[in-house]
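# Close look at the chain arrangement
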Amino acid sequence: MSIQRGRHFLQIPGPTNVPDRVLRALNRPTVDHRGPEFARLTRDLLEGLQQVCKTSGKIVIYPSSGTGAWEAAVVNTLSPGDKVLMFETGHFATMWRNLAVRLGLQVDFVPGDWRRGVDPAVVETQLAEDRGRAIKAIMVVHNETSTGVVSRVSEVRKAIDRVGHPALFMVDSISSLALTDYRHDEWGIDVTVGSSQKGLMLPPGLGFNAIGEKALATSKSARLPRSYWDWEAMMNANQTGFFPYTPSTNLLYGLKEAIEMIREEGLEKIFARHNRLAEATRRAVRAWGLEVNCLNPQEYSNSVTAVRAPEGQNADALRKLILERFNMSLGNGLGKLQGKVFRIGHMGDFNELMLAGTLSGVEMGLALAGAPFKKGGVQAAIDYLAGNE
Ligand SMILES: Cc1ncc(COP(=O)(O)O)c(C=O)c1O
C-alpha cells in the first residue's frame, strides 16, 4: 500500500471527525466510576443532553452503539405481539424494523422509494383506519443517513394529533441531533434515540434515550423482556450519579467536552452552519450535472448528501479511487442503494475549507474515473459560501 501523508479526510456520515479538544478530554486518566467526581460528571451530562434534545424529561446513557438505544426504546415500552407502524425511508428504518420483528413485534411497514421522507398524510390515514387503536407505537427515523432525507417529524406529530391516536411516537435522531432542528418536548416525542458518533462529535460507543412522561408510564406495564436496557435500573442508579454497570468512563469525559463545545456555539448557529454547508454541497452536485438522491427540497439533510452515481458508473468504484488517490473516505450506498449512490458526510466538527477539500476530492475523482460530469462543482460551492454568511 502506498504511504499517504497529510490528514485523512473522513467524510463518511458518521462516525465523524472528533475535535482535538474532545480527543484530549478522552485521553484523561480513568477515574473511579463509583467515586464522587464521577457522580458530578453524570449529573452534568444528563443535564447537557436534556439541552441538546430540548427536553426537561429523563435521559439514559448506555455504553452501546445507536442500535442498542433502538432496542432500549422498544423493550422498555412495548409488549410481545404489539403492533407498531414504521416507514421504509431507507436502510436504517429497515434495520429498526428488522430489530422490532426479531423482538416479537408485529410491524406495519409502509413501503417507500428511499428518496422521500415519511409522508404525514399517510401517517394520518393509517392511524385513522386503526379504529381499534391496535397500533402501540409509531417509529420514525428523523434523518435517514442512508438516503440524505429528513422526515418532517413535527408534521408527523401534528398528523398523529389530528387523529387523536394514543400510540407512542419514537424518533431516531441519531444523525439529526445537534445538526438539525430537533425538539423532543415541543414536538411531543415520547422516546428519542441518539448516539455519540454524529453531531455529538465523539467516537462510537454511547447510545441514549430521551424519555417523555407517557413513555415512562407505559414502561411500567410493558412486558418485553429487558435487563441490560432496563430504564428503571438505569434511572435509579443515575439518581445518585452512578450506573447499574460499568459506564464508558472516558467517552463520558469526551461527551462533557462536546456538550461544552455545543453550548459555546449554540444549537441554532450549529443548525445554520450545517444548513449552509449542505446547500453548498448540493450546489456542487447540481453543477456537476449529478442528482441529489433526496427528491423533496423540504426534506434535504443538513448532515449528509447522497449523490446518485453518474449513468454507467459504480459509486463504490469511484469511492475506492478517491480513497486510494486522495486519502478521503466517502460513505457507501447501503442496502438498496449499494453501488448507486455515494454519500458525502458534512456534519460535526466541519467547516468551509474542509468542505472545499472534500468537494475537490470528489471532482478530481469524477475526472479520473472518466465519469460523464461537468466541471465547476467546487466553484459553485465556493461561490455560494463566499456570498452567503
Ligand atoms: C439514522 C441511524 N440510525 C441508526 C444507526 C445505527 O447506529 P449504530 O451503527 O451506532 O448502531 C445509524 C448508524 O449510522 C444511523 O445513521
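Higher on the page you've got the structure.
What comes next concerns the included structure. Bear in mind the structure is a predicted one, so any value in this text is a computation, not a measurement. Within each chain, residue numbers correspond to sequence positions counted from 1 in written order. The predicted origin of the model limits local features to residues at a pLDDT of at least 70 and limits the giving and counting of side-chain atom pairs to 80 or more, whereas totals for whole chains, interfaces and linings rest on all residues. Hydrogen atoms and water are omitted, and side-chain values are computed over all heavy atoms in the structure.

## Things to note about the sheet that holds strand β11 (residues 291–292)
Here a strand pair is declared whenever DSSP counts at least two bridges between the two strands. Comment: elements are numbered from the N terminus, with helices defined as DSSP H or I runs of at least four residues and strands as E runs of at least two. Taken in spatial order, the three strands line up as β11-β12-β14 in an open sheet, and their pairing is antiparallel. Each end of this open sheet is capped by a strand with a single partner; those strands are β11 and β14 (341–345). Pairing analysis gives two bridges linking β11 to strand β12 (residues 304–308), with the strands arranged antiparallel. Looking across to β12, one finds that Glu291 is bridged to Arg308.

## A short note on the pattern of salt bridges
Any carboxyl oxygen of Asp or Glu within 4 Å of a side-chain nitrogen of Lys or Arg constitutes a salt bridge here. This structure, assessed with the given rule, holds 24 salt bridges. Glu186 is paired through a salt bridge with Arg183; the nearest N and O atoms lie 3.1 Å apart. Across the pair Glu279 and Arg283 runs a salt bridge whose closest N-O atoms are separated by 2.8 Å. You can see Glu279 and its partner Arg283 sitting in helix α10 (residues 267–287), four residues apart, about one turn around the helix. Glu279 sits in the buried class, given a relative accessible area of 16%. What you see here is one network of salt bridges that share partners, running through Lys54, Asp181, Arg183, Glu186 and Glu268. Burial classes follow relative accessibility: with a 1.4 Å probe on protein chains only, a residue under 20% of its type's maximum area counts as buried, one over 50% as exposed, and anything between as partly exposed.

## A word on the site of the ligand
The criterion for a residue being near a molecule or strand is simple. One of its heavy atoms has to lie within 4 Å of it. Taken together, 13 residues lie near the ligand, and Ser65, Thr67, Thr145, Asp172 and Lys198 sit nearest. Within the side chain of Ser65, a nitrogen or oxygen atom sits 2.6 Å from an oxygen atom of the ligand. Here a nitrogen atom of the ligand sits 2.6 Å away from a polar atom, N or O, in the side chain of Asp172. For accessible areas, the Shrake-Rupley method is used with a probe of radius 1.4 Å. Any residue's cover is judged against the shown protein chains and nothing else. Here the ligand loses 86% of its free accessible area of 390 Å² to cover by the protein chains. In terms of residue count, helix α3 (residues 66–77) provides more of the shell around the ligand than any other element does, three residues in total. Considering only residue class, the shell around the ligand consists of four nonpolar, seven polar and two charged. Under this definition, polar contacts are N or O atom pairs within 3.5 Å; protein pairs additionally need one hydrogen-donor-capable and one acceptor-capable atom, and for neighbouring residues in sequence, both atoms have to be side-chain atoms. Three categories are distinguished: nonpolar for Ala, Val, Leu, Ile, Met, Phe, Trp, Tyr, Cys and Pro, charged for Asp, Glu, Lys and Arg, and polar for the others, with Gly belonging to the last.

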